[in-house]
Amino acid sequence: MDFRSDTVTRPTQAMRDAIANAPVGDDVYGDDPTVNELEAWAADTHGFEAALFTSSGTQANLLGLMAHCERGDEYLCGQQAHNYKYEAGGAAVLGSIQPQPVMNEPDGTLCFKKLEAVIKPEDFHFARTKLLSLENTINGKVLPLSYLAEAREFVNKHGLKLHLDGARVYNAAVALDVDIKEIAQHFDTMTICLSKGLSAPIGSLLLGDTVTINKARRIRKMLGGGMRQVGLLAAAGKLALTEQVAQLKVDHDNAQKLVHGLAKLPGFSVKPELVQTNIVFAKLDQSVDIDNIAAKLEKEGITITPSNPIRFVTHKDVSTDDIDVLLEKLAEKL
Ligand SMILES: *Cc1c(COP(=O)(O)O)cnc(C)c1O
């Protein structure tokens, strides 16, 4: 049992079968029918003109940022944003794009007043502010639909584009019980990770209008992301979006079970009301020697990340019964 991340999910048997049987071609020539089918279907299903299959969520975000921003431009994002904090500074390093982070509010949103205050005026002293990048879910929290509509108004008012790091956007849609288009409609570009809770082995998507996606396709080639018979991965990716979305509801229910169980453990403090999807955080007090506990759990086949706050992620490869086992073993070792 591995509670470190939903990226550890293994492909389903249906995915392995689809990989074995996928018709393929050279996607750099535009010849892979399975990739072409996935991109056309994904664009339509999410309400965009075009889609691009990418090697990772990091690459999809970078392509989105680089497609919207030129050298010397700037994007606004959260201090906690994955594409600011956890992507090796790629936008700055490879895109010469300056990030302008603002603190995330406790619910994960970015305050429009704070954002407005950091938009640069038209003046050659400043980088040109071009884009607002949001993340949904962010640390497992769902951005409200009304907030997304306000973000659209905000960018329209300031002449900016709007990007969504939607690595876990399906977790948001499932938690809100809405069609994915309800979220996607507000954004110029959106990414989706196929390889997290949705369980594909590899791959993400970038969605947007045709001009932006053509630009991103060119940059993907430049970054070494042009892949050949990649229909093998696209075949699994299609099943991620058609067959694995329902699993996310189970993952969310398991996260609820976990957070309520953790609440009863001495030394663990949790906020169940902040657990909206498949990610559970707990603060540990001094009495909890988490390194020691993690080492003991590992010997029994349970992997956690020893940190404070500690993060547990639920996914298809940990069952509801596994949650009970984790809680029991944790209690034993405290
Ligand atoms: C995982 C993740 C990414 C990046 O995905 P990789 O496929 O690991 O590169 C981007 N944004 C968020 C919010 C993520 O959780």
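Residues numbered from 1 in each chain as written. Predicted model: local features only at pLDDT ≥ 70, side-chain atom pairs only at ≥ 80, totals over all residues. Heavy atoms only, no water.

**What about helix α12 (residues 245–262)?**
- Taking 1.5 Å of rise per residue, the 18 residues of α12 would be expected to cover 26 Å, and the 26 Å separating its terminal C-alpha atoms lies within 8% of that figure.
- Those residues of α12 not exposed but buried are V245, L248, D251, H252, N254, A255, L258, V259, G261 and L262.
- Each element contacted by the buried residues of α12 is listed here: α8 (169–176), α11 (231–243), β8 (268–269), β9 (279–284), β10 (310–313) and α14 (320–333). (Helix = DSSP H or I, 4+ residues; strand = E, 2+ residues; numbered from the N terminus. Expected span 1.5 Å × (residues − 1). Buried < 20%, exposed > 50% of the residue type's maximum accessible area, 1.4 Å probe, protein only. Contact = heavy atoms within 4.5 Å.)

**Some remarks on the domain arrangement of the protein chain**
- Per the domain assignment, the segments making up the protein chain are domain 1 (11–243) and domain 2 (247–333).
- One C-alpha centre belongs to domain 1, the other to domain 2; they are set 29 Å apart.
- Here domain 1 packs against domain 2, burying approximately 1200 Å² in sum over the two surfaces, 60% of which is carbon and sulfur.
- At the junction of domain 1 with domain 2, the criterion picks out 0 salt bridges.
- Counting every contact that joins domain 1 to domain 2 gives 3 residue pairs in polar contact (both at pLDDT 80 or more).
- Grouping the constituent residues of the side of domain 1 that touches domain 2 by class yields 5 nonpolar, 7 polar and 2 charged. (Domains from an automatic or database assignment. Buried area = accessible area lost by both parts, 1.4 Å probe. Salt bridge = Lys/Arg side-chain N within 4 Å of Asp/Glu carboxyl O. Polar contact = N/O pair within 3.5 Å; in protein donor to acceptor, adjacent residues only side chain to side chain. Nonpolar A, V, L, I, M, F, W, Y, C, P; charged D, E, K, R; others polar.)

**Observations concerning the environment of G72**
- Mapped onto the elements, G72 comes out in the loop between α3 (57–68) and β2 (73–78).
- The class of G72 is partly exposed, set by a relative accessible area of 35%.
- Between the alpha carbons of G72 and V174 there is a distance of 38 Å; along the sequence they are 102 residues apart.
- Once you skip the residues sitting within four places of it in the chain, G72 turns out to touch S96, A127 and R128.

**Topic: empty space enclosed by the protein**
- A complete count under the given rule lists 2 cavities of 30 Å³ or more for this structure.
- The volume enclosed by the largest cavity comes to roughly 50 Å³.
- As for the largest cavity, its lining consists of G78, A81, N104, G108, L110, S133, L134, E135, I138 and L143.
- Element by element, the count of residues in the lining of the largest cavity is highest for strand β4 (residues 128–135), at 3 residues.
- Residues of the lining of the largest cavity, tallied by class, amount to 5 nonpolar, 4 polar and 1 charged.
- By volume, the second largest cavity is sized at about 30 Å³.
- Across the lining of the second largest cavity, the residue classes break down as 5 nonpolar, 2 polar and 2 charged. (1 Å grid on protein atoms, 1.4 Å probe; cavity = no way out; pocket = protein on both sides within 12 Å on 5 of 7 lines; lining within 4 Å. Points joined across faces, edges and corners; volume = space filled by probe spheres on them.)

**Remarks on α8**
- Counting buried residues along α8, 6 of its 8 residues qualify, which places the element largely inside the surrounding structure.
- Restricting attention to buried positions, one finds in α8 the residues V169, Y170, N171, A172, A173 and V174.
- Looking at the buried residues of α8, the elements they touch are α2 (33–46), β5 (161–165), α9 (180–184), β6 (189–193), α11 and α12.
- A positive backbone phi angle near 55° is found at D177, which sits one or two residues after α8.

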